[in-house]
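# Architecture at a glance
Each chain, letter by letter, is given below.
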Amino acid sequence: HTPEITVSTTPHAINWFEIPVTDFARATAFYETVLGRPIETMTMGPSTMGFLSMGPDSVGGAIVLEEGATPSRSGTLVYLNGGDDLAPTLARVEGAGGSVAVPKTDIGSGFGFFAHFIDTEGNRVGLHSMA
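Residues numbered from 1 in each chain as written. Predicted model: local features only at pLDDT ≥ 70, side-chain atom pairs only at ≥ 80, totals over all residues. Heavy atoms only, no water.

## Things to note about the pairing of strand β4 (residues 60–65)
Applicable threshold: Only protein chains enter the accessibility calculation, which uses a 1.4 Å probe; a residue whose area is less than 20% of its type maximum is buried, one above 50% is exposed, and one in between is partly exposed. Strands here are runs of E lasting at least two residues and helices are runs of H or I lasting at least four, both read from the DSSP assignment and numbered beginning at the N terminus. A pair of strands is treated as paired once DSSP finds two or more bridges between them.
Summarising burial for β4: 5 of the 6 residues are buried, a large majority. Pairing of strand β1 (residues 16–20) with β4, which is carried by 5 bridges, proceeds in the parallel orientation. Across the sheet, the residue bridging to glutamate 18 is alanine 62, located in β4. Alignment of strand β3 (residues 47–53) against β4, held across 5 bridges, turns out to be antiparallel. When the bridges of β4 are listed, methionine 49 appears paired with valine 64.

Listed below in structure tokens is the structure:
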């Protein structure tokens, strides 16, 4: 028996992500500086969330402060959109209190560029851009 496969109407493999934090104010300041835009915050039950992206055509995600959420350098790796060129975004990481783990690197075969940074909470996060 073959199971029925339902095809999603969204082209994205991810529809939501959460990056755990231990100091919400520090993490908010870090991501606002690195991403160059304000982060809208909201309390949802026992969780405090800072929205990194929202919108009908974007993949949504947030930094999250909640019991049991533990930052990690070795867990799932999320890549944030580095814009037209991830270099300016990556250049803001150290000044915001993070560190660059992997510099801007050409993926090859026309797939663009990536970099990794360690945020103020200890998470390893990626950036991707086509230039």
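## With respect to the environment of glycine 98
Convention followed: By definition in these notes, contact holds between two residues if any of their heavy atoms fall within 4.5 Å.
With respect to the element layout, glycine 98 can be found in the loop between α2 (86–91) and β6 (99–106). Look at glycine 98 and you get buried, because its relative accessible area is 13%. Contacts of glycine 98, omitting those with residues within four sequence positions, involve Phe30, Val93, Ile118, Asp119 and Thr120.

## A closer look at the sheet that holds β6
Put simply, the rule reads: The axes are straight lines fitted to the C-alpha atoms, using for helices just the contacting stretch, and the angles between their N-to-C directions are given from 0 to 180°.
Taken in spatial order, the 4 strands make up an open sheet running β5-β8-β7-β6, and their pairing is mixed. Here the strands that pair on one side only, and so sit at the sheet edges, are β5 (79–81) and β6. With direction set aside, neighbouring strand axes in the sheet form an average angle of 25°. The pairing of strand β7 (residues 113–118) with strand β8 (residues 124–129) spans 6 bridges and is classified as antiparallel. Opposite phenylalanine 114, over in β8, you have histidine 128 as the bridge partner.

Without other data, these values stay purely geometric and don't point to any function.
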